[in-house]
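Here is what each chain is made of, one letter per residue.
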Amino acid sequence: MTNILIYIPLSLLVLFALFTVMIRNLLKAVISLAAASASLTIIMFMLNAPLAAVFELSVCAGLITVIFISVISLTKPLTPEEEILEVRKRINRYIYLPVIVIIVALLFLFIKPGLNFSINSSPTNDINVQDVIWNKRPLDILGQIIIILAGVLGVVILFKESKK
Amino acid sequence: MLVTCFTVVVLLYVIGFYYLVTTRNLIRILIALEVLTKGVTLTLILAGKMTGQIATTQSMVITLIIIEVVILAVAAGIIIGVVRHTGSLDVRKIFNKKE
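Cut-offs applied
Residues numbered from 1 in each chain as written. Chains lettered and ligands numbered in written order. Predicted model: local features only at pLDDT ≥ 70, side-chain atom pairs only at ≥ 80, totals over all residues. Helix = DSSP H or I, 4+ residues; strand = E, 2+ residues; numbered from the N terminus. Buried ≥ 20, exposed ≤ 12 C-beta atoms within 10 Å, placed from the backbone. Contact = placed C-beta atoms within 7 Å. Rg over C-alpha atoms; globule rule 2.2 N^0.38 Å. pLDDT = per-residue confidence, 0-100. Expected span 1.5 Å × (residues − 1). Bend = angle between axes of the 7 residues up to and from the residue. Axes fitted to C-alpha atoms, helices over the stretch in contact; angles between N-to-C directions. Parallel < 35°, antiparallel > 145°, perpendicular 65-115°, else oblique. Nonpolar A, V, L, I, M, F, W, Y, C, P; charged D, E, K, R; others polar.

## Structural notes on the overall build of chain A
Within chain A, the secondary structure is distributed over eight helices and zero strands. Starting at the N terminus and walking to the C terminus, you meet the elements of chain A as α-α-α-α-α-α-α-α. Out of the 164 residues belonging to chain A, those deemed buried represent 23%. In chain A, 51% of the contacts between residues at least 6 apart in sequence involve partners at least 24 apart.

## Quick notes on the overall build of chain B
Counting secondary structure elements, chain B contains four helices and zero strands. For 99 residues, the compact-globule formula gives about 13 Å, and the C-alpha radius of gyration of chain B, at 17 Å, lies well above that figure. Overall size of chain B, expressed as C-alpha extent along the three principal axes, is 55 × 25 × 10 Å. For chain B, buried positions account for 43% of its 99 residues.

## Re the confidence of the model for chain A
Per-residue confidence for chain A gives a mean pLDDT of 82, with 83% of residues at or over 70. When mean pLDDT is taken per element in chain A, helix H3 (residues 26-46) of chain A scores highest with 92 and helix H5 (residues 80-94) of chain A scores lowest with 72.

## Structural notes on the confidence of the model for chain B
All names here are of chain B. Residues of chain B with pLDDT of at least 70 account for 97%, and the chain-wide mean is 88. Mean pLDDT across the secondary structure elements of chain B bottoms out at helix H4 (residues 91-96), with 80, and peaks at helix H2 (residues 26-51), with 91. The ipTM for the predicted assembly is 0.90, set against a pTM of 0.86.

## Details of the interface of chain A and chain B
How large an interface is tends to be reported as the accessible area lost when its parts come together. Each side of the interface is counted separately: chain A has 67 residues, and chain B has 55 residues. Contributing elements (two or more residues each) for the side of chain A that touches chain B: helix H2 (7-22), H3, helix H4 (50-74), helix H6 (97-111), helix H7 (129-136) and helix H8 (138-158) of chain A. The biggest single contributor to the side of chain A that touches chain B is H4(A), with 12 residues.

## Here we look at H4(A)
Between the first and last C-alpha of H4(A) there are 35 Å, a value that for 25 residues agrees with the 36 Å anticipated at 1.5 Å per step. The sharpest bend along H4(A) reaches about 25° and sits at A:Glu56. Burial in H4(A) covers these residues: A:Ala52, A:Ala53, A:Phe55, A:Glu56, A:Cys60, A:Ile64, A:Phe68 and A:Val71. Buried residues along H4(A) sit against H3 of chain A together with H2 and helix H3 (54-86) of chain B.

## Points about the packing of H4(A) against H2(B)
Two elements in contact, H4(A) and H2(B), have axes whose closest approach is 12 Å; the angle formed by their N-to-C orientations is 175°. Classified by the angle their axes make, H4(A) and H2(B) are roughly antiparallel. Together, A:Ala52, A:Glu56, A:Ile64, A:Val71 and A:Ile72 of H4(A) and B:Ile27, B:Glu34, B:Thr41 and B:Ile45 of H2(B) make up the contact between the two elements. Class assignment of the residues belonging to the contact of H4(A) with H2(B) gives a composition of six nonpolar, one polar and two charged.

## Some points on the environment of B:Thr22
Residues and elements named next belong to chain B. One can find Thr22 in helix H1 (residues 2-22). For Thr22, a count of 17 C-beta atoms within 10 Å gives the class partly exposed. Sequence spacing of Thr22 and Thr56 is 34 residues, and the spatial spacing of their C-alpha atoms is 36 Å.

Structural data, given as structure tokens:
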């Protein structure tokens, strides 16, 4: 049953990704990206990865959307003349993308160039996620802390007011 | 099912790279990187499903998401700074601007 149901979020993911790329309005593109993240979350739940799915939903569909909307509201929108020019350019630029996507999809689904995927071992032979994060990969936690601190420092430096 | 999942991964890479190459807007370049990251996340989860090590790949996905957010936050700050200085989001206008 899961095998059949997974095709719905998979197709939604591709559709929302295409919609993100092809739409002119930046805000709608960002909302479409969030919807793609939500579709990916459903796929992760179906593939038995609930913790990563929760992270994907809360961070990618939530926080990243908020950051994008903040950036869009803080930057200058296009003037009406620039917008008309942009529409013409976008049609010329992205008209080939759906065709390329359909060709690649058909190539992979029907011709399957050398693909022979199979699940080699049972998913139950793995220990739980908490054990992996805290015991098997503790250096990852250290790296994450360092990256977050570096990011905070970077944002602080970028938005620091210069003293004149 | 796995072939379909990997087809979706390849499609996400194609869409992301096409967008990254064709767009000139700084915010849209970040969106292209996000689309590519979605593909990478799905690849990792599928690799975990195939090898039976889904817990290990989940921890890697969490690390990937954290790196993604930090990069996005810093890039967003840089974009806001660039727009304040140059008044444009277009890469060509920014690099052709003469002081």
